[in-house]
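Spelled out, the chains give:
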Amino acid sequence: MSLLEVAGLTAGYGPARVLHGLDLTVEAGEVVVVLGANGAGKTTTMRALSGLIPHTGTIVFDGEPLDGLGPDAVVARGVSLVPQGRGTFSHLTVLDNLRVGAALRRDKAGIRDDIDRWCEVFPILAKRSKQEAGTLSGGEQQMLAVARALMSRPKLLLCDEPSLGLAPRIVSELFAILGDINREQGTALLLVEQNADLALDLASRVYLLEVGRVVAEGEAERFREDESIRRAYLGL
Amino acid sequence: MDIFLERLFDGVTNGAVYAIMAMALVVVFRGTGTINFAQGEMALFTTYIAWWLTVQGQPVWVAAIIASAVGFVLGAVTERTLIRPIRKRNDMATLIVALGLFTGFNALAGLIWNSENKNMPSLFPAGQDDYATVGGARLYFDALGVWLVVILLIGAVFFLFNRTRIGLHMRAVADNPESAALTGVKTGRILMLGWGLAGIIGSFAGVLIAPLSSQQLGLTTMFPILIYASAAALFGGLDSPVGAVVGGLAIGLLEAMITGYVDFVGGTLPQTAALVIIVFILLFKPTGLFGTRQMERL
């Protein structure tokens with residue numbers, strides 16, 4: 001059984017449907033990327049998966065349905081979202097942001113260890129630990145958002161366009177770290193991206209989204225190599 | 001000099017009460033995004049309960065603590081049953097419900113305890129001779145007691161916000177409710193706690209101010225307090241507890257000095273002065289001195 005099994009997912013905002021029956025799976029420890037243009041439904045997928053908006057269809061995680069759960073219950077099951085635009089607590093210090101990330105945990109020593117670990121992985125967070133998150137640059141805030149999401153020790157990390165608005169050098173640094181985390185912790189990653197090239201390097205499998213449906217899926221390698229796919233779908 | 005000092009003491013005493021009332025408004029505003037105009041009348045209601053308990057023979061301290069517990073429940077239940085269901089619609093609805101609660105609690109207090117003014121006993125020695133002389137001015141012990149309680153209360157709130165897990169979660173929800181929910185914080189429960197906490201703080205404001213008020217405990221006792229506290233919260237910044245304290249003291253001192261030294265303001269005009277202050281703050285510095293969040297809908 002896969003770690004995440006999504007079948008016939010529909011979701012939207014009010015009467016406006018954005019997703020029209022989406023199927024998707026993520027295996028334990030796998031890196032999957034969902035590519036698509038603006039308005040394809042990438043963010044809506046992430047919001048539905050993390051319980052921020054209601055959905056129909058089924059989401060099964062680790063053998064248990066997530067349907068009808070709110071965001072606090074979903075993260076308790078082991079699915080953590082790095083939201084688009086980072087969503088850091090701008091008036092809280094970097095350290096407090098990380099502490100809130102461990103909202104569901106009670107193991108004080110473990111929380112301290114994890115804060116130390118992520119401050120080692122992202123040295124900028126250690127340097128800025130007493131600063132309010134709002135004073136950080138976009139790239140630093142993205143690192144903080146990832147570290148905060150990891151503080152709940154998720155089995156699956158969802159990242160909504162982590163490269164958005166960041167300089168290419170920062171993006172490759174961030175993606176390298178995401179790759180490390182996946183290899184070292186075995187955390188499965190589900191990314192949605194417009195930035196196809198870097199995401200394809202990181203991922204093992206790819207879904208291509210168009211107007212709320214999966215129109216193509218397969219090994220990331222095939223998407224990297226196949227010129228016709230690249231031209232048809234990725235505009236590369 | 002001594003008359004100035006007495007006015008100063010008066011100003012600090014009233015300002016301290018405005019400060020904690022303003023803090024109650026701030027605690028709710030940070031979580032809910034609207035001013036709870038019913039905060040004063042909720043405090044009025046619990047102060048009546050405290051008064052009633054003293055009439056039943058309870059010591060005034062016991063009465064104050066029971067009243068604050070009732071304040072907690074009143075705040076929490078109000079959030080859960082009246083505010084949360086309509087809050088998702090829009091902020092205006094929350095405001096209207098708060099205004100409804102304002103008249104509701106006032107009428108309920110009148111219905112239960114009639115409109116006659118009551119003598120609310122002070123938490124502290126309040127006799128004619130219970131004062132110390134400072135620089136030729138009389139500093140009454142009950143005023144000193146108010147300062148003390150307010151300092152303790154403010155200390156407790158700051159400890160809660162900055163040193164405890166629940167306080168951290170409250171700050172997170174105030175900052176970004178969606179992100180807080182994504183980390184696993186139960187935002188609904190946090191908002192309910194915030195309203196409860198505001199209820200406790202408000203109860204203390206009522207119990208402290210009623211014995212000092214010229215008309216004692218009556219149906220209109222808390223209304224001016226709410227006006228001053230709103231001015232104080234706006235002055236300091238609606239989302240800043242530090243601002244609430246600074247704003248409260250500033251408004252209290254301003255009130256004491258203006259009524260003391262500006263003849264034509266007299267007895268009732270200071271409230272108008274407070275309203276003028278509110279208008280000027282909204283015009284020139286809508287976030288207040290310490291505030292951060294831009295106010296959009298007020």
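Note that the structure is a prediction, hence the values are computed from the model and not measured.

## Looking at the overall build of chain B
Thinking step 1. The helix and strand inventory of chain B stands at 11 helices and 2 strands.
Thinking step 2. Listing each helix as α and each strand as β along chain B from the N terminus yields α-α-α-α-β-β-α-α-α-α-α-α-α.
Thinking step 3. Relative to the globule expectation of 19 Å for 298 residues, the C-alpha radius of gyration of chain B, 19 Å, shows essentially globular dimensions.
Thinking step 4. If one aligns the C-alpha atoms of chain B with their principal axes, the spans along those axes are about 60 × 45 × 35 Å.
Thinking step 5. The buried share of chain B, taken over its 298 residues, is 50%.
Thinking step 6. When contacts within chain B are restricted to residue pairs at least 6 apart in sequence, long-range pairs at least 24 apart make up 75% of them.

## Points about the nonpolar core
Thinking step 1. One finds Ala19(B), Ile20(B), Met21(B), Ala22(B), Met23(B), Ala205(B) and Ala232(B) to be the most contacted residues of the largest nonpolar core, which totals 168 residues.
Thinking step 2. Contacts of Ala232(B), omitting those with residues within four sequence positions, involve Tyr18(B), Ala19(B), Ala22(B), Ala244(B), Gly247(B), Gly248(B) and Ile251(B).

## Focus: the interface of chain A and chain B
Thinking step 1. On the chain B side, the residues contacting the 22 residues of chain A number 16 residues.
Thinking step 2. Of all the secondary structure elements, the ones that give two or more residues to the side of chain A that touches chain B are α2 (71–77) and α3 (94–101) of chain A.
Thinking step 3. Class assignment of the residues belonging to the side of chain A that touches chain B gives a composition of 11 nonpolar, 7 polar and 4 charged.

## Thoughts on the packing of helix α3 (residues 60–87) of chain B against helix α4 (residues 91–113) of chain B
Residue and element names in this part refer to chain B.
Thinking step 1. At a minimum axis distance of 8 Å, the contact between α3 and α4 shows a crossing angle of 145°. The handedness of the crossing between α3 and α4 is right-handed. On the side of α3, the interface is formed by Thr78, Leu82, Ile83, Ile86 and Arg87, while α4 contributes Ala93, Thr94, Val97 and Leu101.
Thinking step 2. Of the residues assigned to the contact of α3 with α4, the class counts are 6 nonpolar, 2 polar and 1 charged.

## Focus on the sheet that holds strand β1 (residues 4–13) of chain A
All names here are of chain A.
Thinking step 1. Reading across the sheet, the 4 strands line up as β2-β1-β4-β5 and stay open at both edges, with antiparallel pairing between neighbours. Of all strands in the sheet, those with a lone pairing partner are β2 (16–26) and β5 (64–65), marking the two edges.
Thinking step 2. Pairing between β1 and strand β4 (residues 55–61): 6 bridges, direction antiparallel. Across the sheet, valine 6 pairs through a bridge with isoleucine 59, a residue of β4.
Thinking step 3. Running at roughly 70° to β2, helix α1 (residues 42–49) makes contact with β1, β2 and β4 of the sheet.

## Here we look at the sheet that holds strand β8 (residues 188–193) of chain A
All names here are of chain A.
Thinking step 1. Strands sit in the order β6-β7-β8-β3-β9-β10 across an open sheet of 6 strands; the sheet is mixed. Edge positions in the open sheet fall to β6 (79–82) and β10 (213–219), since each of these has one partner strand only. Recorded for the sheet is a direction-independent mean angle of 15° between the axes of neighbouring strands.
Thinking step 2. Where strand β3 (residues 31–36) lies against β8, 5 bridges are found, and the strand directions are parallel. Residue pairing across strands places valine 33 opposite leucine 191, the latter belonging to β8.

## Some details on the packing of helix α1 (residues 2–32) of chain B against helix α9 (residues 222–236) of chain B
All names here are of chain B.
Thinking step 1. Interaxial distance between α1 and α9 falls to 8 Å at its minimum, and their mutual angle equals 70°. One finds that α1 runs roughly perpendicular with respect to α9. Note on packing geometry: the crossing formed by α1 with α9 is right-handed. Contacts between α1 and α9 pair Val17, Tyr18, Ala19, Met21, Ala22, Leu25 and Val26 from the former with Ile225, Leu226, Tyr228, Ala229, Ser230, Ala232, Ala233 and Gly236 from the latter.
Thinking step 2. Residues belonging to the contact of α1 with α9 are distributed by class as follows: 13 nonpolar, 2 polar and no charged.

## Let's talk about the environment of Leu53(B)
Residue and element names in this part refer to chain B.
Thinking step 1. Inspection of the secondary structure assignment puts leucine 53 in helix α2 (residues 39–55).
Thinking step 2. For leucine 53, a count of 19 C-beta atoms within 10 Å corresponds to the partly exposed category.
Thinking step 3. For the pair leucine 53 and isoleucine 66, spaced 13 residues apart in sequence, the C-alpha separation works out to 8.8 Å.
Thinking step 4. In this structure leucine 53 touches Gln58, Ala63 and Ile66, once residues within four positions along its chain are discounted.

## Focus: the pairing of β10(A)
Residue and element names in this part refer to chain A.
Thinking step 1. Strand direction decides the pairing type here: strand β9 (residues 205–210) and β10, joined by 6 bridges, are antiparallel. The residue bridging leucine 209 from the neighbouring strand is valine 214, located in β10.
Thinking step 2. Two successive antiparallel strands, β9 and β10, enclose a turn made up of 2 residues, where valine 211 displays a positive phi of approximately 30°.

## A closer look at the confidence of the model for chain A
Thinking step 1. Residues of chain A with pLDDT of at least 70 account for 98%, and the chain-wide mean is 93.
Thinking step 2. For chain A, the element scoring lowest by mean pLDDT is helix α10 (residues 227–234) of chain A, at 71; β6(A) scores highest, at 98.

## Brief notes about unusual backbone geometry
Residue and element names in this part refer to chain A.
Thinking step 1. The backbone phi angle of arginine 86 is positive, close to 75°, even though this residue is not glycine.
Thinking step 2. Mapped onto the fold, arginine 86 is located in the loop between β6 and α3.
Thinking step 3. In this structure, arginine 153 is a non-glycine residue whose phi angle is positive, near 50°.
Thinking step 4. Along the polypeptide, arginine 153 turns up in the loop between α6 (138–150) and β7 (156–160).

What counts as what
Residues numbered from 1 in each chain as written. Chains lettered and ligands numbered in written order. Predicted model: local features only at pLDDT ≥ 70, side-chain atom pairs only at ≥ 80, totals over all residues. Helix = DSSP H or I, 4+ residues; strand = E, 2+ residues; numbered from the N terminus. Rg over C-alpha atoms; globule rule 2.2 N^0.38 Å. Buried ≥ 20, exposed ≤ 12 C-beta atoms within 10 Å, placed from the backbone. Contact = placed C-beta atoms within 7 Å. Core = buried A, V, L, I, M, F, W, Y, C linked by C-beta atoms within 7 Å. Nonpolar A, V, L, I, M, F, W, Y, C, P; charged D, E, K, R; others polar. Axes fitted to C-alpha atoms, helices over the stretch in contact; angles between N-to-C directions. Left-handed = near helix turned anticlockwise from the far one by under 90°. Pairing = 2+ DSSP bridges. Parallel < 35°, antiparallel > 145°, perpendicular 65-115°, else oblique. pLDDT = per-residue confidence, 0-100.

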